[in-house]
Structure formats: C-alpha cells, structure tokens
Amino acid sequence: MQRLVAAFVLSTILLAQEERLTIVSPPSVRQRIAGRVIDARTGEPLMGVQVRLGSVGTYTDEKGYFTLIVERLDTLSVFLLGYRPLRVGLSRAETDLLLRLSAVETELQEVPIVAEAARETEAGLFLERLRALEIAELYSQELIMKRSTDFYVPNVLRRLPGVSLLSGRYISIRGMGERYNAFAFWAAYPAWLNYDATFSEIEQLITTLLGRVEVRKFWTPELLGHFGGGMVDFQLPQTTSEGLQIAYTTEWDFTAVGRRFPRFSSPLRSPIPAGFPPPHTIQASENNGVPTSENFQYAQRVERYTVPDSLSFAPPGHLLTVSYDRRWEKWRVSLRGAFSQRYLASAIRFDDGTFVEEDGHWHFQSYYTVKGRSNPLRYYTQGGGASWNLAFQPHPHHTLMLEGFSILSTTQRTALEQGAYINPEIDSVNPVQAYYSSFYLPRSYLAIVRPSWHFSSQGGWRSAIQAGLILQGQDIPQAGAMNYIRYPGATAFSYEHELYGSSEVYAQVWTSRVRAWQGYIHPYLERRWEGGESWLQVRLGGWYSQERQHFHGRLLGFLTDTTGGRPRGALPEEVYSLENIRDVYALPYRQPGGWYLIERTGDFHRHRGITQTVAGYAWVRLGLGPRWEALLGARYEHWQRQIWNVPIATETETTLTRLSDGHLLPAFLLKRWLGERHTLRLGANLTLVRPPFPTQVPLPYFDYLWAYYWIGEPTIRTARSYNADLRYEWLRDKDNLIAIGLFYKHLRQLPEVYLIPESYTLVFTYSSRQRRWGDIVGIEIEARKTLWQTETRRFWSYLTITVSESALERPVWRKIGRLEGRLQGHSPIVGNAGLLYTRRRWEGALFFNYTSAQIWAIGFDPYVYPHLIEEGRLVGEAQISYRLGSRWEVRLAIWDFINQPYRRTQRVGNANSFNSARDAVAAWERWAWRAYLTIRYRLG
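Please read these numbers as outputs of a predicted model, since none were measured by experiment.

S.K.: Please explain the overall build of the protein as it appears in this structure.
M.R.: On a plain count of helices and strands, the protein comes out with 6 helices and 47 strands. Split into buried and exposed, the 940 residues of the protein put 59% on the buried side. A separation of at least 24 residues holds for 72% of the contacts in the protein among residues at least 6 apart in sequence. Summing over all exposed atoms, the protein offers an accessible surface of approximately 37,400 Å²; the carbon and sulfur share of this is 57%.

In structure tokens:
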C-alpha cells in the first residue's frame, strides 16, 4: 500500500511538471530578472532575441530590453540566429543585466577598440541586415556621432547603398526622385510642402539630432503605402553609454570665410503689414496700368529690401552638438541639442535664350549671358534643434515612452549677378551691361512629438499604441529681384526697362506662408508562438491620421509712375545709382511721381486642404525550421482629400475638388538561409504613389528667382506601383561581403507635374497629368573588401552601384539609354564608393558619390517645350581623424574636393546628347572647397 501511495504522489508531481505547474511547500517568492541585449562590437540593441530561464521565456523589444518573472533562479540562455548562444548562471535576481552577443564570424579575441570600432560597426550593421526579413539599409547612431563633420542628413545618406543626392540637394533612392519615395520619422510621414513632393527640411536637418537612419526599399503592411520607390525613416537617439558627449565642428568655405558677406539685419519681418488690403482691391485700383492714388498709399505700407546689409568678414561656420544619456532602474533618458551656422558661396554661369524652329530643326538663340565669379551666390543659414527619448517602465510588462524632435532653420540667399545682352533697339553691336540683385529669405520649422505605450507578456502577447503630432511651417517673408543696367557708352547705372520693350521699371516681391499639422494614432496587437525550430507571429493593427495644410502666397510688383513721361523723370537722378538703391523705398519717394504698387496674385495662391487616412492591416510572419522565413500580409487603406481655394474675384473660399479612394495593398516576402552567412530574399507588393498636394513657393533657380504656382488642376488621382524584388547577400567573413539585388516596378496612372509653357512670362504655373503607365527595372550591387590588414591596421573599400532604366507607356527594353520617354526624376546610374584606412589612433577615408543625368522633376511638357536635364555629377570627400586618448578625438574633412560644377541643360525634342547649336547650357553652379574641423569629447 505504501508503494502504491508513493507511486501516485510521484506521478502527480511529474504530471504537474509536464504541465509547467510546480507544487512547492512553502510557496516560492517570484523574482524579476531584467536587462538588455546588445551587439558585442557595435553596441547596437538587438531586437527579437530569445531569452529563457528554465521554462520561462521572452523576446527582447525594439530597444533590446527584456523582463522575466521567475520563481527560482537558473541558467539564463540567450539565443539569436547569426550570433553565438550565450548562457549566464544567476545566483541572485539581477535587474540591470547587460548581455553582449558576438556574431558567429567575430573572433572572440581582444582587439584594440580604436582600430576595430569602425570595422565592427560596419560589420554589425550588415549582420543586422542579414538577420532581418525586410529589404533595407542602415546607418548607425555611432557612425552619425563619430562622423560629425556631416553637418546635415544628405551628407550621411550618400554613404548608403543605392542612395544618392540629386543636384547635390535632394535624396534619390535607386535613382528615383522624391515623387516615388517618402520621408518618415518612425514611419510617420511629414506633409509635402513643396511643389515637387520634396521634404524641404531635409537640407537643414542636423545629423547629430538623429539616431539610426534606415532606408527601406521594400514595403510591409505596417507602413502607410504612400510610396512606390523607397522610404527614408529617421529614428531618434537611443540610450547608449551613460554620460555627456560634446562635439564641435567648424566649417570653412574658402570663398566665403574672411570675405565681405551680405546679411540682412532683420530677415524675418514680412513686407506686408497686418490688415493689408486683399488682392482684388489693389488689382482693381491699377486701372489698366494707370496708377491711382490708392496704389501709392499701398506702396507706402509695404517694406521691401533690395540689397542686404554687409558684414565686414564672414566667420567660419560651426556646428555644436551636446548629447546626454542616462539609465536608471526604471528610467531611460537620451537628450540631444544642436546649433549650426554656415557661410557658403558658389560661382554661377547662366545662358538664357529661346528656341527657334527653322527648316524642321530646332536652334537655340542666346540673348543673355551671366558670369558670376566676381559676384557669387551667397548662402547664410542658421539652425538649431533638440531631440529627446524618455522611457519609463513602471512594471516589467509595461513601458511608457515619450519621443520628440524639433528644428528651426533660417536661410538668407543673396546674389548680385553681372551679365550682358544685345538689344537691337538700343545698340545692335555693343551689349547692354546688366546687374541683377536678388534675395531669398526662407525660414522653416518642424516639430514632432510621439507618446507610446508598449505591453509585453510572458505568454508571447505584445501590444502597443503610438500617437503622434507633427507641426510644420515654411515662411518666405521676403523674396525678390530687381534689374539695373548700364547702356553702351553710359557711365551711370539706371533701372532696366528696355529688355521686354516696356518703359516700366519692374521689381517683384514674393511672400509665401505654409502651415501644416498632422495627428495620427497607430495601435496594434501581436502574438508569437514557438514550436521547436519553427515559429509563428501574427499582428493586427490600425491607423488613422488627419493632415491639414494651408497655403497663402502673395506676388506684388513695384513700378515707377510713368504716366508723366519717361521713367528717368519719375525719380531724382541720384536714386538711380547702384550705391543708393536702398533709398528707392525711402518715404519721400513713396508718393505720386515715385513708386506705386501692383498686384500679381492669382486664384490659386491661397488654398487649403484636409487629407484623412483610415487603414487596417494584418500580417503573418513565420519561420519554418532554421532556413525559411516568410511574411504574408495586406493593408486596406481608405484615403480622402478635400481642397478649397480663394478666387481673386470673389474673395470667398470655394470647394475646388474632393478625392476619395480605397486600396487593398498585399505584400509577400520569402527568405531562405542558404548557409550561415548566405541569404536569398524574394518579395512582391503593391504600393501607391499619392498625388502631391498642390503648393506654391518662390523657387531660387541659381541666380534667378522663379515662382512656381499651382494652376488648379483638380482631376489628379492616386497611382499604383506593382513592385518585385530579389536580393542575394553573402557575408563571407567580417571583412568581405557582397549583395546583389534586382528590382522591377510597374506604375499605373502615374502623376506627373509639368510647367505650363505659356506661363513663363510673369509667373511660372504648373499642372498635373497622369501617364497611363510606366515601368522601371534595375540592378543593385554592393561589395566590401579588405585590401590589406595586420594586427592593428586595416585598409578596406566598399562599392555600391545601381543601374536602372525607366520608360513611359512603352516597354523599357525598347528604349535603354535614351532620354525619350524616361520617367521624370529618374537617374539611371547611382554609385557610392569609399576607401578607409584604420590603425590604433588614426583613421583616414575617401568617399565618392556619382549621380548620372536625369530629367528635372518639374520640367516643361516634353511634347510642347524643351526638357530641362540635370547633368551627371561626381562628388568626393576626404576625412582624417586622430584620437587623443579615450575621450578626445580630432577630425578634419574636405568636402567635394573634386568641385565638379552641377549643370542643368535645356534640350529640345527629347534629344539624348547635348548639341551646342541646338541646346542651351541653361546654368551651372560650382561650390567652393569646404573644410571641416571637428573636436569631439566624451565625458562618462
């Protein structure tokens, strides 16, 4: 009987253990184990790491943190594919564990940190790409802080595979311009404030305010489907090493620093005072070109600068960054602050003219030539901002987070060009000498706040709710231009009035104000199941966002009162000299006989719109054994937009258009591990190309200032992009890798933006149309190779190149290499290359970026007027750094030492090659050599 009772008790205990129930007497005390898992070399947090203690397990979150609640201590096991498993014996409850995983190809030997830091960071990022299912590129927080000579984000992005700078200013992914791509902060999309869908703040986005930068080249359903090319996702800094870090960079533009540099003393004041009359009042009072007394009253109330004040000398620019990271038991804090100031100059050349068709052929006739070496373009910019990441974990399963970012930037662009043209009415032999002064004073701000809550349970459940508010603004309080001339044989300057056969002195003032805000909320619920070497993960999520944009522009003109005779009789003789041009707007001259005001504002300078997006999505990720991973998901997205405008005639807001559509967007990804360091990915999805919101903005085109205004086209619709990607990646070892990718995109109802050809006399206006279809196909190759290596020294290189071709309404293989019918904003060749040398204290590097020619994103209708072509450009940069110990680092860089001019040409009839007898060299711009000196200090 005793044996029977003993057997019964023993079987009961075994059954309880099988069901993961423990019968203890007395009851044990539940203990909390918490910590973080990072890459042993890069310091980057690792997400999705399996952490198990006995029968209790969990996965690390996106910051690398985990929490376990256990009843007894045991050996802690940590596992992630591609890393060496880690086992840690625990003798007591630990709540601040820092676990470092080493990649499988990383030798566990002691190496000098200085010599290996850059290499292991690069290798670690590639390993993270290798482990991920998505097709993306990464740039680490450590590299951003280390290479702090990169003032702004475009300088960082040009190092990523398939990413380039169009015209040295805007971002291109896989050779495709902004209309096909998207910019995001944590997958939240800022509003489009520019006519060409560019993210205007990116030019002044201070690099060191950011954490990791991720470039997604493949869409998955948790993202908005508003792009058909790629997405640049900016992420805020994460807590790394505790303490304070300070980096100071000074910038020297050798044609600006130490020279007289023009600046406006009060650049932010609008020339149009509050309560100024509406446009229709001033237009009506113009009286068919004959000024009335009202015009002079309005002119007295408008303040406008023509030539800025001048500083004695331009000092070096600078970028100051202060960062602070700290972590307590329940709190994590990461703070960044930055302030920048720049003085830049560039030489220009501008050939203007017209196209004439004779005997069935086009010919270019130049009538105006500008050389701007003695009077270059001057750029003065000032900006500052802050970013923060605050995390609070009141309970092991719950995390509250508040992230934010803000930046304010102001720019002053001034030019005083010198050119010549022939006016047969004046002199058919000797040219008229022209002086053209212009200024452009934009300012912008961007602020983002995102609170979020994350929940993670022991049973594999995860949920989160993220909300956000994005505030944007772009003001151009003043932008304008005025012409001055010296006639053949004359010795004095006067105001130009003969070029267009008019006897009026004409000067323009543009003002533009854009406001946008967006609120969004994104909840999701997720569950993961494990079974041996296979796993299944399911997510259900939703999205709602509302975006409001308001545009208000004004175009004013100043003319002399010519009703009484010749223009020179309108003002005293001394006012016409170039030295006294600021006196033109002095109070004594704002009266009949002096200047009067005309209105050039149109029906679509003032408009607003609301865009709403409601979406729901679901996806399933699964792993089948150690080699197969897949994602299958879809997103249904309903999108609607309403636009109002204020016509001049009525001054009453009217509804222009209402757009509403819904799309089901599927996505499929399949990944195959061919070996420990080989992966093959195949993906297909459907995304959208949303039409750009109509905008209006004065645009500086080299030395000229053109204003592009929307003409009010209400019929534009959403385009579809069918995408396919295939990528092979092989990490041969920590020093050598290769990746090859093929991609294809088929576009339906593609929106295009083009200038109205007959609109260029006073104000450039643009419209939109939709191409029936277009496609693009290309190949990406990335390679890294160690050329020479010893115990403490290493010399290595990388090369990435994207070669693609596009076509409109015809198969792409029928037009390879020809401009005719190519997608606007597409550049067929994009290349990045680098050479890096590291040793114990030294590091040297060369970086190169090449972008081939492409049709300008907004150009004349190719079937009506010539194309504008952006020529190819090669940019180079050299860097060298020296570490003065564990805390100090000094870095010197020279940016664009090649100094190749960026050029736009104007071509007729989709011509593929430049012909000087037929085509115009419209303009080129050459930046000066720029040097950067960075001093970096770590405290803590």
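S.K.: Just to check I follow, could you spell out the sheet that holds strand E6 (residues 86–89) for this structure?
M.R.: Backbone-to-backbone hydrogen bonds join strands into a sheet, with any given pair of strands oriented parallel or antiparallel. With antiparallel pairing, the 4 strands of this open sheet are ordered in space as E3-E2-E5-E6. Only two strands of the sheet have a single neighbouring strand rather than two, namely strand E3 (56–59) and E6. Geometrically, the sheet is characterised by an average inter-axis angle of 15° between neighbouring strands, direction not taken into account. Sheet analysis places strand E2 (residues 50–53) next to E3, joined by 4 bridges and oriented antiparallel. Each residue of the ladder has a partner; that of Gln50, found in E3, is Tyr59.

S.K.: What exactly am I supposed to notice about the environment of Ala420 here?
M.R.: Tracing the sequence through the fold places Ala420 in strand E21 (residues 398–423). Contact partners of Ala420, with chain neighbours within four places excluded, come to Tyr367, Tyr368, Thr369, Pro431, Val432 and Gln433.

S.K.: Is there a simple way to explain the confidence of the model for the protein in this structure?
M.R.: Interpretation of this model should avoid reading the predicted coordinates in detail wherever pLDDT is low. For the protein, mean pLDDT is 78; residues scoring 70 or higher make up 79% of the total. Taken element by element, the protein is modelled with least confidence in helix H1 (residues 2–18), mean pLDDT 39, and with most confidence in strand E29 (residues 628–645), mean pLDDT 94. Counting contacts from residues 4–28, a segment whose pLDDT is below 50, to residues more than four positions away or on other chains yields 4 contacts. When the criterion is pLDDT under 50, residues 105–120 qualifies, and its contacts beyond four places in sequence or with other chains add up to 32 contacts.

S.K.: In this structure, what is going on with the packing of aromatic side chains? I would like to understand it.
M.R.: Enumeration according to the criterion identifies 14 aromatic pairs in this entry. Pairing Phe261 with Tyr343 gives two aromatic rings, centres 5.2 Å apart and planes at 85°, and the pair type is edge-to-face. In this pair, Phe261 is assigned in strand E15 (residues 261–263) and Tyr343 in strand E18 (residues 331–358), connecting sequence segments 82 residues apart. Using a relative accessible area of 3% as the deciding quantity, one classes Tyr343 as buried. Ring centres of Phe264 and Phe439 lie 5.5 Å apart, and the angle between their planes is 55°; this geometry places the pair in the tilted category. Of this pair, Phe264 sits in the loop between E15 and helix H5 (279–285) while Phe439 sits in strand E22 (residues 427–456), and the two are 175 residues apart along the sequence. Across the pair, exposure class does not vary: Phe264 and Phe439 are buried alike.

S.K.: Can you walk me through the pattern of salt bridges in this structure?
M.R.: It is possible for side chains bearing opposite charge to pair when their charged atoms get close. Considering all chains together, one arrives at 26 salt bridges under this definition. Residue Arg174 pairs with Asp725 through a salt bridge whose shortest N-O separation is 2.6 Å. Within this pair, whereas Arg174 is found in the loop between strand E10 (170–173) and strand E11 (181–185), its partner Asp725 is found in strand E34 (residues 719–733), the two being separated by 551 residues in sequence. With respect to class, Arg174 is no different from Asp725; both count as buried. A salt bridge links Arg539 to Glu526, with the shortest nitrogen-to-oxygen separation between them at 2.8 Å. Linking Arg539 in strand E26 (residues 534–560) with Glu526 in strand E25 (residues 506–531), this pair joins segments that are 13 residues apart in sequence. Here Arg539 matches Glu526 in class, with each residue buried.

S.K.: Quick question: what am I supposed to make of unusual backbone geometry here?
M.R.: Among all residues except glycine, the phi angle is most often negative; among peptide bonds, the trans geometry is most common. Positive phi outside glycine occurs at Glu651, with the angle close to 55°. The residue Glu651 is located in the loop between E29 and strand E30 (654–673) in this model. One non-glycine residue, Gln749, lies in positive phi territory at about 55°. The topology assignment puts Gln749 in strand E35 (residues 736–755). In this structure Gln749 comes out as partly exposed when scored by relative accessible area, which is 37%.

S.K.: Looking at this structure, how should I read the nonpolar core?
M.R.: Soluble globular proteins: nonpolar side chains tend toward being buried together. Within the largest apolar cluster, 41 residues are counted, with the highest numbers of intra-cluster contacts made by Phe185, Leu210, Val232, Phe234 and Phe405. With 19 residues, the next largest nonpolar core counts Leu76, Val78, Leu99 and Leu101 among its residues.

S.K.: Could you clarify how one ought to interpret the sheet that holds strand E1 (residues 31–39) in this entry?
M.R.: One open sheet holds the 3 strands; their spatial order is E4-E1-E7, and the pairing between them is mixed. The open sheet has two edge strands, strand E4 (65–70) and strand E7 (97–101), and neither has a second partner. Taking the axes of each pair of neighbouring strands and ignoring which way they run, one obtains an average angle of 30° across the sheet. As paired elements, E1 and E4 share 6 bridges and run antiparallel to each other. Looking at the pairing, Gly35 lines up with Phe66 of E4.

S.K.: Would you mind showing me how to read the pairing of strand E36 (residues 764–789) here?
M.R.: Regular strands have side chains that alternate between both faces of the sheet. As paired strands, E35 and E36 are joined by 18 bridges and run antiparallel to one another. Considered in E36, the bridge of Tyr744 is made with Val777. Hairpin remark: E36 followed by strand E37 (residues 794–808), antiparallel, with 4 residues in the connecting loop.

S.K.: I keep staring at the environment of Tyr636 and nothing clicks. Help me out?
M.R.: Looking at the element boundaries, Tyr636 is found in strand E29. Take Tyr636: its relative accessible area is 43%, and that puts it in the partly exposed class. Taking the C-alpha atoms as reference, Tyr636 lies 5.6 Å from Gly616; in sequence the two are 20 residues apart.

S.K.: Help me understand helix H6 (residues 293–301), please; the structure alone is not making it clear to me.
M.R.: Because each turn of an α-helix spans 3.6 residues, side chains separated by three or four positions in sequence point in the same direction. Restricting attention to buried positions, one finds in H6 the residues Asn295, Phe296, Tyr298 and Ala299. The buried residues of H6 occupy an angular sector of 160° when the element is viewed end-on, so they sit on one face. For H6, the secondary structure elements touched by its buried residues are H5 and strand E27 (595–599).

S.K.: I'm lost on the side chain of Thr414 in this one. Help?
M.R.: Within the secondary structure, Thr414 is located in strand E21. Among all residues touching Thr414, those that are not within four sequence positions of it are Pro262, Phe264, Pro308, Pro376, Leu377, Arg378, Ser438 and Phe439.

S.K.: What am I meant to see in the environment of Ser285 here?
M.R.: Structurally, Ser285 can be placed in helix H5. A residue is classified by how much of its surface remains accessible, and Ser285, at 5% relative accessible area, is buried. Setting aside its immediate chain neighbours within four residues, Ser285 contacts Val290, Thr292, Glu294, Asn295 and Tyr298.

S.K.: Quick question: what am I supposed to make of the side chain of Asp661 here?
M.R.: Along the chain, Asp661 turns up in strand E30. Relative accessible area serves as the criterion here: at 17%, Asp661 is assigned to the buried category. Excluding its chain neighbours within four sequence positions, the residues that come into contact with Asp661 are Glu637, His638, Trp639, Arg690 and Thr718.

Procedures and definitions
Residues numbered from 1 in each chain as written. Predicted model: local features only at pLDDT ≥ 70, side-chain atom pairs only at ≥ 80, totals over all residues. Heavy atoms only, no water. Helix = DSSP H or I, 4+ residues; strand = E, 2+ residues; numbered from the N terminus. Buried < 20%, exposed > 50% of the residue type's maximum accessible area, 1.4 Å probe, protein only. Contact = heavy atoms within 4.5 Å. Areas by Shrake-Rupley, 256 points an atom, 1.4 Å probe, with all protein chains shown as cover. Pairing = 2+ DSSP bridges. Axes fitted to C-alpha atoms, helices over the stretch in contact; angles between N-to-C directions. pLDDT = per-residue confidence, 0-100. Phe/Tyr/Trp six-rings, centres within 6.5 Å; stacked < 30°, edge-to-face > 60°. Salt bridge = Lys/Arg side-chain N within 4 Å of Asp/Glu carboxyl O. Core = buried A, V, L, I, M, F, W, Y, C linked by side-chain atoms within 4.5 Å. Arc of directions from axis to C-beta.

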